Amino acid sequence: MLAGLALGLLVGLMWPDFSKALRPLGTAFVEAIKMIVIPVVFATVTLGIYRMGRELHTLGRIAVVCFGYFYVATVVSILIGLGLNALFHPGAGASLVATGKIPANLAVSVDWVQFFMDMIPSNVLAAMAQQKVLPTLVFSILFGLALASLGETARPVVALLDAVMQAMFKITRWITSTAPIAVFAIVAWLFASQGLATVTALAKLVLVMYLGLAILVLVFWLILAAIGERPIAVTRAIMEPVILGFSTRSSEVTLPVHMEKLRAMGVPDRIIGVVLPLGYAFNRDGSIMYFALAVTFLAEAYGVPLTGSALFTILMVTTIASKGSANVPSGGLVAVAMVLTAIGLPVEALAIIAGVDAFLDMGRTAVNVFGNTVAVKLVQRFAATTADADAAAPAAAPVGAEAAEA
């Protein structure tokens, strides 16, 4: 996959016309992964909740650890973005030339009533068909709790769901065997179609953004070390979904692969099935850091003074917007638009950085994947039961054996 990424970059810059024709290869791969995301989410979340259904205290502890970490990570990510802007000022003196387009009629706020209503699917099959993860999560949680309350009656349904999950992971392995070709095609098309002109024009923003992502990864490593994990070993173990996220710029594409890697690392299914889908919906650390950095970049480019009150507004609105845009089309842009509006900047300012958004999106998506690995590991450390540790033990041995063999 790394070779495919490097070769795609080279071919995309040297033979742009040929590279643009490679787009269907990457699109087919992404669509194939998306095909199994909803079945994987439904089966794993339902089974995870079912297995915890008679231990509501465990489920509650997992929820507390999960959302506690999500919000702490959100604030830390925002502070890193604000700190880097204060240190490097990438927007100072920036040219206010639009480098891309923003979606028409982009929302600048979240309708909270509609947000919560959308989480309750009137037709769960329609929600699944539309690839809506949050309504699927809500239904899966309720379905898992209902199965847990039925006792022996639920066993056939649980067996069926377990078979569905195993089948989906088998399909995942078939699809990801083509990942190096897909990564090559996607990266070649991206660099051929986007070019490096806008990257050069906004190079300072791109460099500061990736510096911030590197700092976030360092923070994740410190957290992993603090809970007794080996940061480098964990990073190597989940490198495949991280590279997939980087090249495809889609977190949902990495979800089935990410689940499989965590299972191989010895994390119990019921923790993976609950924490990871929630993390993909609500915990996007790389994206959140970008929101803060993008807003402060544009504020300085427009000459808006970043006073203490303005920075506090950015912190608070970004925290709220990052969670409220989880179920909204173009959620990332909506979150940035909300913050821009809150500090008095026009939404059209997004067009200035839209040209490099694809290159920024690659890095922040990869960090989102890594951040959710940390969330799973934290839950495993602080909310897992003795039964979880026993269930993880058999899976952990082969991983170590493979590492020793390698």
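If you check an unreviewed UniProt entry, the protein chain appears there as Sodium:dicarboxylate symporter from Rhodoplanes elegans. Within the UniProt record for the protein chain, the comment given under Subcellular location (unreviewed entry) is "Cell membrane".

**Q** Would you explain the pattern of salt bridges in this entry?
**A** Charged atoms that come close allow side chains of opposite charge to pair. For the structure on display, the rule yields nine salt bridges. One salt bridge connects Glu252 with Lys34, and the closest N-O pair in it is separated by 3.7 Å. Of this pair, Glu252 sits in helix H14 (residues 251–264) while Lys34 sits in helix H3 (residues 23–52), placing them 218 residues apart in sequence. With relative accessibility at 24%, the residue Lys34 sits in the partly exposed group.

**Q** Would you mind going over unusual backbone geometry with me for this structure?
**A** Negative phi is the rule for most residues except glycine; trans is the rule for most peptide bonds. Residues other than glycine seldom take positive phi values, yet His89 does so here, at roughly 50°. Within the secondary structure, His89 sits in the loop between helix H4 (56–88) and helix H5 (112–118). With a phi angle near 60°, Arg249 is a residue other than glycine that sits in the positive phi range. Tracing the sequence through the fold places Arg249 in the loop between helix H13 (239–248) and H14.

**Q** Help me understand helix H11 (residues 203–226), please; the structure alone is not making it clear to me.
**A** Because each turn of an α-helix spans 3.6 residues, side chains separated by three or four positions end up pointing in the same direction. The end-to-end C-alpha distance of H11, which contains 24 residues, comes to 35 Å, matching closely the 34 Å that a straight helix rising 1.5 Å per residue would cover. Here H11 has its buried residues at Leu205, Val206, Val208, Met209, Gly212, Leu213, Leu216, Phe220 and Leu224. Where H11 terminates, the next one or two residues include Gly228, which has phi positive at roughly 90°.

**Q** What is the right way to read the side chain of Thr44 from this model?
**A** Structurally, the position occupied by Thr44 is in helix H3. A polar contact is formed between the side chain of Thr44 and the backbone oxygen of Val41, at a distance of 3.4 Å. Setting aside residues no more than four positions away along its own chain, Thr44 makes contact with Met165, Phe169, Met259 and Gly273.

**Q** Got a minute to help me understand the nonpolar core in this structure?
**A** The tendency in soluble globular proteins is for nonpolar side chains to be buried side by side. Phe29 and Ile353 are the most contacted members of the largest nonpolar core, which totals 126 residues. Beyond its immediate chain neighbours, meaning those up to four positions away, Phe29 contacts Ile175, Thr176, Thr178, Ala179, Ala182, Leu244 and Val253. Formed by five residues, the second largest nonpolar core is a distinct cluster that contains Val11, Leu22, Ala185 and Ala188.

**Q** Help me out: how do you make sense of the side chain of Asp357 in this one?
**A** Tracing the chain through its elements places Asp357 in helix H20 (residues 357–382). Classification of Asp357 by relative accessible area gives buried; the value is 18%. Asp357 has contacts with Tyr290 and Arg364, leaving out every residue within four places of it along the chain.

**Q** What should I look at first to understand the packing of helix H9 (residues 179–194) against H13 in this one?
**A** Two quantities define a packed helix pair, namely the angle between the helix axes and the distance between the axes. The interhelical angle for the contact between H9 and H13, taken along N-to-C directions, is 30°, at an axis separation of 9 Å. By the angle class used here, H9 and H13 are roughly parallel. Once H9 is placed against H13, the crossing between them reads as left-handed. Of the residues in H13, those in contact with Ala179, Val183, Ile186 and Val187 of H9 are Leu244, Ser247 and Thr248. In terms of residue class, the contact of H9 with H13 is made up of five nonpolar, two polar and no charged.

**Q** Hey, could you run me through helix H15 (residues 269–282) in this one?
**A** An ideal rise of 1.5 Å per residue puts 20 Å on 14 residues; H15 measures up with 20 Å between its terminal C-alpha atoms. The buried count for H15 comes to 13 of 14 residues, which makes it a mostly enclosed element.

**Q** Just to check I follow, could you spell out the UniProt feature "transmembrane region" (unreviewed entry) in the protein chain for this structure?
**A** According to UniProt, the "transmembrane region" (unreviewed entry) feature falls on residues 31–50, 62–88, 133–150, 171–192, 207–227, 288–321 and 333–356. Taken end to end, residues 62–88 is 100% helix and 0% strand, and its first and last C-alpha atoms sit 39 Å apart. Taken end to end, residues 133–150 is 100% helix and 0% strand, and its two terminal C-alpha atoms sit 26 Å from one another.

**Q** Quick question: what am I supposed to make of the packing of aromatic side chains here?
**A** Each pair of aromatic rings is reported with the distance of its centres and the angle of its planes. Throughout the structure, instances matching the rule amount to nine aromatic pairs. Ring geometry for Phe139 against Phe143: centres 5.7 Å apart, planes inclined by 10°, an arrangement best described as stacked. Of the two residues, Phe139 and Phe143 both sit in helix H7 (residues 133–150), four residues apart, roughly one turn of that helix. For Phe139, a relative accessible area of 29% corresponds to the partly exposed category. One cation-aromatic arrangement involves Arg364 over Tyr290; the distance from NZ or CZ to the ring centre is 4.0 Å. The residue whose ring lies beneath Arg381 is Phe382, and the NZ or CZ to ring-centre distance is 4.9 Å.

**Q** Looking at this model, I keep getting lost on the environment of Ile272. Mind explaining?
**A** Mapped onto the elements, Ile272 comes out in helix H15. In this structure Ile272 comes out as buried when scored by relative accessible area, which is 3%. In contact with Ile272, not counting residues within four places along its chain, are Met259, Leu262, Arg263, Val267 and Pro277.

Criteria and thresholds
Residues numbered from 1 in each chain as written. Predicted model: local features only at pLDDT ≥ 70, side-chain atom pairs only at ≥ 80, totals over all residues. Heavy atoms only, no water. UniProt positions renumbered as here; feature names shortened; annotations may be inferred. Salt bridge = Lys/Arg side-chain N within 4 Å of Asp/Glu carboxyl O. Helix = DSSP H or I, 4+ residues; strand = E, 2+ residues; numbered from the N terminus. Buried < 20%, exposed > 50% of the residue type's maximum accessible area, 1.4 Å probe, protein only. Expected span 1.5 Å × (residues − 1). Polar contact = N/O pair within 3.5 Å; in protein donor to acceptor, adjacent residues only side chain to side chain. Contact = heavy atoms within 4.5 Å. Core = buried A, V, L, I, M, F, W, Y, C linked by side-chain atoms within 4.5 Å. Axes fitted to C-alpha atoms, helices over the stretch in contact; angles between N-to-C directions. Parallel < 35°, antiparallel > 145°, perpendicular 65-115°, else oblique. Left-handed = near helix turned anticlockwise from the far one by under 90°. Nonpolar A, V, L, I, M, F, W, Y, C, P; charged D, E, K, R; others polar. Phe/Tyr/Trp six-rings, centres within 6.5 Å; stacked < 30°, edge-to-face > 60°. Lys NZ or Arg CZ within 6 Å of the ring centre and 35° of its normal.

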